[in-house]
Amino acid sequence: MLNDLIEKRKKVLAESEQHKDRRNELNALASKNARERNTLNTQTREFVEEAQQHKEQRDKINEEVQALKDQRNEYNDKANALFEEIESFKKEHGNLQNRGIKELQKQIEHLEFKQQTEVYSTDKERELIEKIKHLKATAKDQEAELEQNKEMRTKLTDAREFRRLASEIHKEVTEKAEAAQQHHDLMVESYRKADKSREEADHAHQQFVEAQEAADEEHKQFISCQKELRDYDKVISGLRKKTRKTKVTKEQKAVRKEAERVFQQFRDGEKITTDDLLLLQRAKLI
């Protein structure tokens, strides 16, 4: 029975070591997943901060763009008002069949914008350039006629200056709008990266939880084996003590029996040896 218990204890000990090793492996894996999760969470926060910075820059530039647009529109309104006065003067004193300077300027700006932003064949672009030249020449002729009148010349000069200022501001509006769009695109990209790293962090966290739960289960199994080992140790220890006690009792009985034999010889007057005397003392017969 004792040998069977010892063999069973060996098996439980081996199982205990397996649970301990697996627990340690899973705890190491959980720690690795936790570090990866923390790194990704830090990365996510950095991407979000970048996105916020680009958003702030975009919004700031958009505010500047709006202020410039208001200023540009103000100059255009002033120029339009002067051109309206000039047109009224032309209708009263000039050739009514001539196209208005204001309309000419608008058409010239429209065609120049098309030339800058659209792709044309060589012939079409040459045709467009010639049309712009013709419109500018017509406008110049009409302006030259108006400039003969001192009051109209002053208004025309002011209207041109307002148009020039509006055009300069429009260029700045375009540049800033492009910069705002760049910050917007970078903001969107940073948020996309943040979403991706956040998703990866969530996955790493899920792996951490699974590894930790598995490690906890292995630890429970290890503790259970340790308890079972202690129970085996108690039983085995008890059996060993009982075996030793039985052995001692048998030895004591054998010694007693031998001592009684020697003591009988002593009583019968036979000689006994020193060893016999010690045996009698051990058996407490003398």
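As a convention, each chain's residues are numbered from 1 in the sequence order in which they are written. Only residues with pLDDT of at least 70 are given local features in this predicted model, and only at 80 or more are side-chain atom pairs given and counted; all residues enter the totals for whole chains, interfaces and linings. Hydrogen atoms and water are omitted, and side-chain values are computed over all heavy atoms in the structure.

### Quick word on the nonpolar core
Basically, it comes down to this: In this text, buried Ala, Val, Leu, Ile, Met, Phe, Trp, Tyr and Cys residues form a nonpolar core when linked through side-chain atoms within 4.5 Å. The classification of residues rests on relative accessible area computed with a 1.4 Å probe and restricted to protein chains. Under 20% of the type maximum is buried, over 50% is exposed, and intermediate values are partly exposed. By the criteria applied, helices consist of DSSP H or I runs no shorter than four residues and strands consist of E runs no shorter than two, each listed in order from the N terminus. Only heavy atoms enter the contact rule, under which two residues are in contact if any of them lie within 4.5 Å.
In terms of nonpolar packing, the biggest core is built from eight residues, these being Ile61, Val65, Leu68, Tyr75, Ala166, Ile169, Val173 and Ala180. Contributions of two or more residues to this core are made by α1 (2–93) and α4 (150–267). Discounting chain neighbours no more than four positions away, the residues touching tyrosine 75 are Phe162, Leu165, Ala166 and Ile169.

### Remarks on the environment of glutamine 107
Take glutamine 107: it is sitting in helix α2 (residues 101–117). Here the alpha-carbon distance between glutamine 107 and isoleucine 132, two residues 25 residues apart in the chain, equals 8.6 Å.

### A few points about the packing of aromatic side chains
Inclusion rule: Working definition: a ring pair exists when centres of Phe, Tyr or Trp rings (six-membered ring for Trp) sit within 6.5 Å. Plane angles under 30 degrees give stacked, over 60 give edge-to-face, the rest tilted. A ring has a charge above it when a Lys NZ or an Arg CZ is no more than 6 Å from the ring centre and no more than 35 degrees off the ring normal.
Counted under the stated rule, the structure contains one aromatic pair. On the basis of an interplanar angle of 20 degrees and a centroid distance of 6.1 Å, the ring pair of tyrosine 75 and phenylalanine 162 is categorised as stacked. Of this pair, tyrosine 75 sits in helix α1 while phenylalanine 162 sits in helix α4, placing them 87 residues apart in sequence. Given the relative accessible area of 17%, tyrosine 75 is considered buried. For the cation-ring pair, arginine 23 lies above phenylalanine 222, with the distance from its terminal atom to the ring centre recorded as 5.0 Å.

### Some details on the pattern of salt bridges
Note the following rule: The salt bridge definition used is simple: a Lys or Arg side-chain nitrogen within 4 Å of an Asp or Glu carboxyl oxygen.
All chains considered together, the criterion is met by 15 salt bridges. Close ionic contact of arginine 58 with aspartate 59 constitutes a salt bridge, the shortest N to O distance being 2.9 Å. Residue aspartate 59 is classed as partly exposed on the basis of its relative accessible area, which comes to 23%. One salt bridge connects glutamate 161 with arginine 164, and the closest N-O pair in it is separated by 2.7 Å. One end of the pair is glutamate 161 and the other is arginine 164, both in helix α4 and three residues apart, which spans about a single turn. One network of salt bridges, in which partners are shared, links Lys55, Arg58 and Asp59.

Function cannot be inferred from these measures alone, as they are strictly geometric.
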